[in-house]
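The chain contents come next:
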Amino acid sequence: MDKKYDLIIIGSGPGGTDAAEEAAARGLKTAIIEKSTIGGTCLNRGCIPTKTILHSAELLREVKESAGNGIICGTELDIDAAALQNHKNDILEKLRSGLTFSMQHCGVDVIEGIGSIVDSTHVRVGEDILETGNILIATGSVPGKPPIKGSDLPGVVTSDEMLSLSHVPESLVIIGGGVIGIEFAAIYSSLGCKVTVIEFLKRALCNLDKEISRSISMVLGKRGVDIHTNSKVEEITLSEDGSVLSCRYDEKGKECTAEGEIVLVAAGRVPYTDGLITDESAAEVKAIEMQKGCIVVDENYQTSVPGIYAIGDAIGGIQLAHVASAEGRNAVAHMAGSEAPVRMNEVPSCVYTDPEIACVGITADDAKEAGLKVIARKYPMSSNGKSVLTQQERGFIKVIADAETEKILGAQMMCARATDMISQFSQAIASELTLEDMSKFIYPHPTFCEGIGKAASK
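Residues numbered from 1 in each chain as written. Predicted model: local features only at pLDDT ≥ 70, side-chain atom pairs only at ≥ 80, totals over all residues. Heavy atoms only, no water.

### Quick notes on unusual backbone geometry
Link 1 in the chain: Between D354 and the following residue, P355, the backbone shows a cis peptide bond with an omega angle of 5°.
Link 2 in the chain: Structurally, P355 can be placed in the loop between β20 (349–351) and β21 (356–361).
Link 3 in the chain: Here K252, not a glycine, exhibits a phi torsion of approximately 55°, which is positive.
Link 4 in the chain: Tracing the backbone shows K252 in the loop between β13 (245–251) and β14 (254–260).
Link 5 in the chain: One non-glycine residue with positive phi stands out, namely E406, at about 65°.
Link 6 in the chain: Along the chain, E406 falls in the loop between β23 (396–402) and β24 (408–415). (Helix = DSSP H or I, 4+ residues; strand = E, 2+ residues; numbered from the N terminus.)

Laid out in structure tokens, this is it:
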């Protein structure tokens, strides 16, 4: 290949493809190098396949529990795991095709292969060396595996393998009660699987609002999920007939055991940088600053080597697809000599359980630790008409505002469609809206979003 590019992006996840679209819109000749399938982890092994399976699992549970709605179901109602996999794969293929078309429409070249950085202006793909003005690393992450004895046994899997199961296990042990672990607990409990979650920290979803952690644990508990916190897995063993895996763990000083047909290790993700730097790489590239496996960047997402940028999970920080997308757009803007188009101050976080969870800004505990005086208003969604008529589980909307100015500082939601509504609070924080401002809007009835107005005006 003898093409010269303004930008070469290594990785085609949301960060890489959104950066490519931003670059193309700015007139930069752009190429994406992808070692596997376009769409990266999010589309192929993360967000989209997880939520596709979760949607089917929730439909199954809702129909099974629909007698109160006047719907009579047969006793044979069940899930066809193989058909579900086919459905998931169809969804992924449609989205991959759409993404491929978008890149073609933008004039972005998608090159299959492993991209390695030769120097700040050259990237190797196979036998070809491509010249470029800038390089953007968007290689994402892979599932992390803590050093637990027995974690290499058959039946011990990560989220990658879990998403390709062609059957529903009778029992599942999940190591890790973060977002990934809790979402899989929600999926497989709805599919009729006996689920046990073992979490090292003091509560599930420990990085979120305490009330949310407690509430979702109660909801999942009612559905048969057994959650153990303050617990450390010491060893995984396999029965003699190979049918059962046992996790030996320490729970507050007491030795316990949990058994499952499958053990899912959901202990976070680690940056993926394999193949980026080789013996052929220039000395300055080999010396790119790293910290705990993450690529170090400045406020413009530029690495210690001018002209080489990095975004998303590869740089650590908040490992979310929409964060990578925003970082990619901002990095491209810096390359083009423009101001960043996306604010990075208000980053919404979403957990796709049922009910959904979404948060943005600070919590009341954050404010207390920072010495800020705030107002915390909470509206129980058990009083919301749409929540009642759709038979939603316990939920709420909580708003945090400055005590003096009443400007919105944060919000925590646990209710149906929370992930769709959280951006209203993101916009409120960015626009410096007050509680009074938000209470003045007309919210349609009956809707879930009425709860936002109620929480602000209460």
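From this point, things continue past the structure.
### Topic: the pattern of salt bridges
Link 1 in the chain: The tally for this structure, following the rule as stated, stands at 19 salt bridges.
Link 2 in the chain: Its salt-bridge partner being E235, residue K149 comes within 3.8 Å of it at the nearest N-O pair. Of this pair, K149 sits in the loop between β7 (141–143) and β8 (156–157) while E235 is found in strand β12 (residues 231–238), placing the two residues 86 residues apart along the sequence.
Link 3 in the chain: Since its relative accessible area comes to 58%, K149 is described here as exposed.
Link 4 in the chain: One salt bridge in this structure joins R248 and E235, with 3.1 Å as the shortest N-O distance. You can see R248 sitting in strand β13 and its partner E235 sitting in strand β12, a full 13 residues away along the chain.
Link 5 in the chain: The exposure class assigned to R248 is partly exposed, which follows from its relative accessible area of 29%. (Salt bridge = Lys/Arg side-chain N within 4 Å of Asp/Glu carboxyl O. Buried < 20%, exposed > 50% of the residue type's maximum accessible area, 1.4 Å probe, protein only.)

### Regarding the nonpolar core
Link 1 in the chain: In this structure, I9, I117, L136, I295 and I308 are the most contacted members of the largest nonpolar core, which totals 41 residues.
Link 2 in the chain: When residues in this core are grouped by element, the largest group, 5 residues, is from strand β1 (residues 4–10).
Link 3 in the chain: With residues near it in sequence (within four places) discarded, L136 still touches L7, I8, I9, I10, A19, Y309, A310, I311, A331 and M335.
Link 4 in the chain: Counting residues in each nonpolar core, the second largest holds 37 residues, with A185, V197, L220 and I357 among its members. (Core = buried A, V, L, I, M, F, W, Y, C linked by side-chain atoms within 4.5 Å. Contact = heavy atoms within 4.5 Å.)

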